[in-house]
Amino acid sequence: MTFDSPARKPVPGPGKTFRVKSFGCQMNVYDGERMAEMLEAGGYAAAAEGADADLVVLNTCHIREKAAEKVYSDIGRLKREDGSRPTIAVAGCVAQAEGAEIARRAPSVDVVVGPQAYHRLPDLIARAQRGEKAIDLDMPLDSKFGALPKRAGGQRPTAFLTVQEGCDKFCTYCVVPYTRGAETSRPFADLIAEARALVAGGVREITLLGQNVNAWDGEDERGRAIGLDGLIRELAKEDGLERIRYTTSHPNDMTDGLIAAHGEVDKLMPFLHLPVQAGSDRILAAMNRSHSVESYLRVIERVRAARPDIAISGDFIVGFPGESEADFEATLAIVRSTQYAMAYSFKYSRRPGTPAATMDGQVEEGVMNDRLQRLQALLNEQQQAFNERTVGRATRLLLERRGKHDGQLIGKSPWLQSVHVTAPGLAIGDMVEVRITSAGPNSLGAEPLMEEVA
Ligand code: 5AD
Ligand code: SF4
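Residues numbered from 1 in each chain as written. Chains lettered and ligands numbered in written order. Predicted model: local features only at pLDDT ≥ 70, side-chain atom pairs only at ≥ 80, totals over all residues. Heavy atoms only, no water.

Q: Give me the lowdown on the site of ligand 1, citing residues and values where you can.
A: Every residue close to ligand 1 is listed here: Ile-63, Arg-64, Tyr-173, Gln-277, Asp-315, Ile-317, Phe-346, Lys-347, Tyr-348, Ser-349 and Arg-351. Tyr-173 is positioned such that a nitrogen or oxygen atom in its backbone is 3.0 Å from a nitrogen atom of ligand 1. Within the backbone of Ser-349, an N or O atom sits 2.8 Å from a nitrogen atom of ligand 1. When isolated, ligand 1 has an accessible area of 400 Å², and the protein chains bury 86% of it. Breaking the shell around ligand 1 down by element, the ones donating at least two residues are strand S15 (311-318) and strand S16 (342-347). By residue class, the composition of the shell around ligand 1 is five nonpolar, two polar and four charged. (Near = heavy atom within 4 Å. Polar contact = N/O pair within 3.5 Å; in protein donor to acceptor, adjacent residues only side chain to side chain. Areas by Shrake-Rupley, 256 points an atom, 1.4 Å probe, with all protein chains shown as cover. Helix = DSSP H or I, 4+ residues; strand = E, 2+ residues; numbered from the N terminus. Nonpolar A, V, L, I, M, F, W, Y, C, P; charged D, E, K, R; others polar.)

See below:
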């Protein structure tokens with residue numbers, strides 16, 4: 001792929017418009033929102049939907065190959081009809097992993113900034129305006145969070161809140177320990193303050209984020225050591241905050257306290273995203289997952305004992321180097337015994353610099369495609385079955401957006417299902433009592449129990 005060298009472009013700054021485009025995980029969505037807030041605080045305005053922007057931030061994901069390739073095609077597409085381009089900043093994990101490569105492959109990129117340095121974005125843009133190529137891939141010890149503007153909540157009733165970042169697990173296929181750095185937990189007081197600001201701005205559901213969110217630790221206001229369960233219990237005391245979720249967890253960090261919280265904290269939603277990746281102990285060892293099939297299933301059993309209706313979600317990789325047909329069938333077996341409410345599944349993608357990239361036994365694409373198809377057929381069946389099991393239940397929805405039809409709104413059930421409901425007088429942000437009446441694979445229908453509307 002080739003790119004033209006940049007024509008001199010109008011200088012963005014206060015009064016100019018920007019767009020942040022986030023790819024990949026929920027943490028990138030969170031980071032994208034924080035970058036947008038920072039640019040707004042600096043006098044930029046968000047470009048209207050579909051309109052040209054003076055500054056475009058591509059907030060990238062490096063987990064799988066396609067995501068990185070997409071960045072380059074997106075950069076190409078930013079060229080305007082008259083040959084000019086907006087100021088282009090590449091942020092996120094591709095920036096961290098391939099900073100120099102991006103600058104070489106895409107000369108039209110002005111700023112490259114890693115996920116731990118994006119609080120310096122305004123400064124980097126200023127440097128780009130002076131004609132420098134501004135690259136910042138630092139992982140500074142002082143947290144970016146302190147340097148970002150305070151949060152205010154948005155137009156939506158749900159928000160993400162990053163509580164933990166980075167990963168020390170070093171699964172052999174994964175770039176995260178290299179792009180996001182070591183595990184760090186944000187301080188308790190900062191998190192409570194950020195949650196309060198979100199709730200004051202109208203947020204009713206907060207999803208606590210971390211690559212290993214359940215490895216969060218800190219000290220409460222009395223100086224006592226607490227884990228994620230302690231943080232959840234404290235957040236649950238906040239008036240106006242109705243729902244708490246967290247993602248993504250590692251099986252080894254599912255503490256007794258966190259499992260117990262699922263049975264004891266009403267505001268903690270009955271949903272657990274707990275990736276297992278594969279169902280063969282041999283492959284789990286090669287992945288350096290540091291848990292076994294047995295220990296994973298034991299965690300699931302205990303979580304279900306604490307909260308019988310909990311929805312379990314997971315991540316799977318097919319075609320990890322050395323995966324035999326028998327190993328893959330063991331993955332199907334763990335899916336059958338767990339019974340997932342939903343799941344994400346991926347073909348193994350070779351990530352440069354990770355140990356698995358140079359392992360023997362790389363699996364052919366055709367074999368991976370076949371396995372992915374078989375796994376997804378089973379997971380889809382389970383998702384449909386889970387959704388059908390909720391038909392007839394009375395439950396509460398948090399209404400999040402408008403549906404296609406007049407008066408129709410879409411909300412989330414406690415089990416993170418998208419549920420359609422039509423009734424006069426309902427608004428986004430309402431909690432509504434409903435009875436689930438129908439279930440498809442990806443969404444459900446419900447009728448309001450009007451007399452009980454909260
Ligand atoms: N190839 C395929 N899938 C991957 N994931 C992480 N790295 C890779 C890779 N190299 C998946 C894992 C992880 C999810 C976020 O992405 O399943 O849990
Ligand atoms: Fe990647 Fe493994 Fe860490 Fe998850 S636990 S971020 S898969 S290294």
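Q: Please give an account of the sheet that holds strand S1 (residues 17-22) that cites residues and values.
A: Overall, parallel pairing links the six strands, which are arranged S2-S1-S3-S4-S5-S6 in an open sheet. In the strand order of this sheet, the two ends are held by strand S2 (45-46) and strand S6 (134-136), each with one partner. Examined bridge by bridge, strand S4 (residues 87-91) and strand S5 (residues 111-113) share two bridges and lie parallel to one another. Looking across to S5, one finds that Ala-89 is bridged to Val-111. On the sheet, helix H1 (residues 26-41) packs against S1, S2, strand S3 (55-60) and S4 and is oriented at approximately 170° with respect to S1. Contacts from helix H4 (residues 121-129) reach S3, S4, S5 and S6 within the one sheet, and its direction differs from that of S5 by about 155°. (Pairing = 2+ DSSP bridges. Contact = heavy atoms within 4.5 Å. Axes fitted to C-alpha atoms, helices over the stretch in contact; angles between N-to-C directions.)

Q: Go over the environment of Gln-26 with me, naming the residues and quoting the values.
A: Looking at where Gln-26 falls in the secondary structure, it is placed in helix H1. Judged by relative accessible area, Gln-26 falls into the partly exposed class, the value being 35%. Remark: the alpha-carbon pair of Gln-26 and Thr-207, spanning 181 residues in sequence, is separated by 9.5 Å. Ignoring sequence-local partners within four residues, the contact set of Gln-26 consists of Phe-160, Leu-209 and Thr-247. (Buried < 20%, exposed > 50% of the residue type's maximum accessible area, 1.4 Å probe, protein only.)

Q: Please give an account of the nonpolar core that cites residues and values.
A: Among the nonpolar cores identified, the biggest contains 91 residues, and Leu-121, Leu-208, Leu-228, Leu-231 and Tyr-246 are the most heavily contacted of them. Each residue touching Tyr-246, except ones within four places of it in the same chain, is listed here: Thr-207, Leu-208, Val-213, Leu-228, Ile-232, Met-254, Leu-258, His-262, Leu-268 and Leu-272. (Core = buried A, V, L, I, M, F, W, Y, C linked by side-chain atoms within 4.5 Å.)

Q: Give me helix H8 (residues 256-264): which residues, what numbers.
A: Within H8, the full set of buried residues consists of Leu-258, Ile-259, Ala-261 and His-262. Taken down its axis, H8 places every buried residue within 150° of arc, on the same side. Along H8, exposed side chains directed more than 90 degrees from the buried face belong to Asp-256 and Glu-264. (Arc of directions from axis to C-beta.)

Q: Account for unusual backbone geometry, naming residues and giving values.
A: Put simply, Thr-247 and Thr-248 share a cis peptide bond, and its omega is 5°. Even without glycine at this site, Phe-170 takes up a positive phi of about 55°. On the accessibility criterion, Phe-170 (36% relative accessible area) is partly exposed. Even without being glycine, Gln-277 reaches a positive phi, approximately 75°. Among the secondary structure elements, Gln-277 is positioned in the loop between strand S14 (271-273) and helix H9 (281-286). For Gln-277, a relative accessible area of 7% corresponds to the buried category.

Q: Could you give me a rundown of the site of ligand 2, with the residues and numbers involved?
A: Close to ligand 2 lie Cys-167, Lys-169, Phe-170, Cys-171, Tyr-173, Cys-174, Val-176, Pro-177, Asn-212, His-250 and Arg-289, which account for all nearby residues. Here the residues of the shell around ligand 2 are counted per class, giving seven nonpolar, two polar and two charged.

Q: Would you mind going over the pairing of strand S20 (residues 431-439) in detail, with residue names and values included?
A: Here five bridges tie strand S17 (residues 394-402) to S20, and the two strands are oriented antiparallel to one another. Bridge pairing in S20 places Leu-397 opposite Val-432. Pairing geometry for S20 and strand S21 (residues 443-448), over five bridges, is antiparallel. Across the sheet, residue Arg-435 finds its bridge partner in S21, namely Glu-447. With antiparallel pairing between neighbouring strands as the criterion, S20 and S21 make up a hairpin whose turn holds three residues.

Q: Which residues make up the side chain of Ser-418, and what values do they have?
A: Within the secondary structure, Ser-418 is located in strand S19 (residues 418-422). Excluding residues within four positions of it along the chain, Ser-418 makes contact with Arg-401, Ile-410, Gly-411, Lys-412, Asn-442, Ser-443 and Leu-444.

Q: Tell me about the sheet that holds strand S18 (residues 408-412), and name the residues and values.
A: The mixed closed barrel is built from five strands, whose spatial order is S17-S18-S19-S21-S20. The sheet shows a mean angle of 55° between the axes of neighbouring strands, direction not considered.

Q: Describe in detail helix H10 (residues 293-306), supporting the description with residues and values.
A: For H10, built from 14 residues, the straight-helix expectation of 20 Å at 1.5 Å per residue is met to within 8% by its first-to-last C-alpha distance of 20 Å. Every buried residue belonging to H10 is among Val-293, Tyr-296, Val-299, Ile-300 and Val-303, and all of these are buried. One side of H10 carries all its buried residues, which in axial view fall inside an arc of 130°. Within H10, the exposed residues directed more than 90 degrees away from the buried face are Glu-294 and Ala-305. (Expected span 1.5 Å × (residues − 1).)

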